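# Per-entry structural report
Chain by chain, the residues:
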Amino acid sequence: MEYNASEFLIETEVPEVELIISRTDLQGKITYANETFAEISGYEVEELIGQPHNIVRHPDMPSSIFAELWEYLQSNKQWSGVVKNMRKDSGFYWVRAIVSGVYKNGELVEYKSLRSPVTYEEKLEAQRLYDKIRAENGEKIRRVVYE
Ligand SMILES: Cc1cc2nc3c(=O)[nH]c(=O)nc-3n(C[C@H](O)[C@H](O)[C@H](O)COP(=O)(O)O)c2cc1C
């Protein structure tokens, strides 16, 4: 995969007052996205609905983090973690995500994620940890194409 070099290093800060909200079906396809999610990720709400949630996956995120997320969800546990996401323009934003099940009459019907801002120190710590995990697991490093 190739990324847009001019935007790849540009961070979009999630404002303190904003809450990014999304819901997915049980396969991880987006069924709801609020305006804040659309704005921060650089997509329109309509572009997000129906897409797999990995539409915002950043290549710096190790696969093992998402494997853990799905393991938690499949054992009916809530998962929380610091996530780096990629915008439509290849820029990035950091969030703390709390992902859990949505139940209707006691039955699991969807998943939801609420996201809040992350401090500079937490971003730094997460970036270092994720770089280390990717290196240990032999995962790819990013490739940027200069225009
Ligand atoms: C409710 C919910 C929210 C999610 N939010 C994100 C997210 O913000 N960023 C992300 O990369 N993956 C998110 N995921 C995980 C993705 O579904 C996917 O597992 C991940 O992006 C890894 O992509 P892959 O499965 O293609 O390896 C979320 C999953 C669920 C159920």
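Everything numeric in this text was worked out from a predicted model, so none of it was measured.

### Some words on the nonpolar core
Among the nonpolar cores identified, the biggest contains 30 residues, and Ile20, Phe37, Leu48, Trp79, Tyr93, Trp94 and Tyr130 are the most heavily contacted of them. Elements supplying a minimum of two residues to this core: strand 3 (30–33), helix 2 (35–41), helix 3 (45–48), helix 4 (63–74), strand 4 (79–86), strand 5 (92–104) and helix 5 (120–136). Of all the elements, strand 5 adds the most residues to this core, at 6 residues. Not counting the four nearest positions on each side in its chain, Phe37 is found in contact with Ile20, Ile21, Ser22, Ile30, Leu48, His53, Val56 and Tyr93.

### Overview of the site of the ligand
Lining the immediate environment of the ligand, one finds 15 residues, of which Asn54, Arg57, Phe66, Trp70 and Asn85 sit closest. For the ligand, an oxygen atom lies 2.8 Å from a polar atom in the side chain of Trp70. At a separation of 2.7 Å, a nitrogen atom of the ligand approaches a polar side-chain atom of Asn85. Here the ligand, which alone exposes 600 Å², has 83% of that area covered by the protein. Structurally, the ligand is housed in the largest pocket. When contributions to the shell around the ligand are tallied by element, the ones reaching two or more residues are helix 4 and strand 6 (107–116). Across the shell around the ligand, the residue classes tally to 7 nonpolar, 5 polar and 3 charged.

### As for the environment of Trp70
Checked against the element boundaries, Trp70 lands in helix 4. Trp70 sits in the partly exposed class, given a relative accessible area of 26%. Along the sequence, Trp70 and Gly28 sit 42 residues apart, while their C-alpha atoms lie 9.5 Å from each other.

### What about the layout of surface pockets?
Roughly 470 Å³ of internal volume is contained in the largest pocket. Looking at the largest pocket, it is lined by 24 residues, and the ones nearest its centre are His53, Asn54, Phe66, Leu69 and Trp70. Contributions of two or more residues to the lining of the largest pocket are made by strand 2 (20–24), helix 4, strand 4, strand 5 and strand 6. At 5 residues, helix 4 tops the list of elements feeding residues into the lining of the largest pocket. Per-class residue counts for the lining of the largest pocket are 11 nonpolar, 9 polar and 4 charged.

### Description of the side chain of His53
Tracing the backbone through its elements, the reader meets His53 in the loop between helix 3 and helix 4. Ignoring anything within four residues of it in the chain, the contact list for His53 reads Ser22, Thr24, Gly28, Ile30, Phe37 and Arg115.

### With respect to the side chain of Arg115
Here Arg115 lies in strand 6. Glu18 provides the closest opposite charge to the buried, salt-bridge-free Arg115, at an N-O distance of 12 Å. Among the polar contacts made by the side chain of Arg115, one reaches the side chain of Ser22 at a distance of 2.9 Å. A polar atom in the side chain of Arg115 sits 3.4 Å from the side chain of Ser113. Setting aside residues up to four positions removed in sequence, Arg115 forms contacts with Glu18, Leu19, Ile20, Ile21, Ser22, His53, Val95, Arg96 and Ala97.

Conventions adopted
- Residue indices begin from 1 for each chain and proceed along its sequence in written order.
- Local features in this predicted model are restricted to residues of pLDDT 70 or higher, and side-chain atom pairs are both shown and tallied only at a pLDDT of 80 or more, whereas totals for entire chains, interfaces and linings draw on every residue.
- Side-chain numbers here rest on the full set of heavy atoms in the structure, without hydrogens or water.
- Residues enter a nonpolar core if they are buried and are Ala, Val, Leu, Ile, Met, Phe, Trp, Tyr or Cys, with the set joined through side-chain atoms within 4.5 Å.
- The rule is simple: take the accessible area with a 1.4 Å probe, protein chains only, and divide by the maximum for that residue type; under 20% is buried, over 50% is exposed, in between is partly exposed.
- Note on conventions: DSSP H or I runs of at least 4 residues are helices, E runs of at least 2 residues are strands, and numbering of each starts at the N terminus.
- Whether two residues are in contact is decided by their heavy atoms: any pair within 4.5 Å suffices.
- Note on definitions. A residue lies near a molecule or strand when any single heavy atom of the residue is within 4 Å of it.
- Distance and chemistry together define a polar contact, namely a pair of N or O atoms within 3.5 Å, with one atom able to donate a hydrogen and the other to accept it when in protein, and with adjacent residues in sequence counting only for side-chain atoms on both sides.
- Note that accessible areas follow from Shrake-Rupley with a 1.4 Å probe, and for residues the cover is restricted to the protein chains shown.
- Definitions used throughout: a 1 Å grid over protein atoms alone; a cavity as a set of points that fits a 1.4 Å probe which cannot get out; a pocket as an open set with protein on both sides within 12 Å along at least five of seven lines; a lining residue as one with an atom within 4 Å of a point.
- Cavities and pockets are treated as containing a molecule whenever more than half of the molecule's atoms lie within 2 Å of their grid points.
- Amino acid classes used here: Ala, Val, Leu, Ile, Met, Phe, Trp, Tyr, Cys and Pro are nonpolar; Asp, Glu, Lys and Arg are charged; the rest, including Gly, are polar.
- Grid points are joined across faces, edges and corners, and a volume is the space filled by probe spheres set on the points.
- His is not counted here, nor are the chain ends, while Lys and Arg score as positive and Asp and Glu score as negative.
- By convention in these notes, a salt bridge is any Lys or Arg side-chain nitrogen within 4 Å of a carboxyl oxygen on Asp or Glu.

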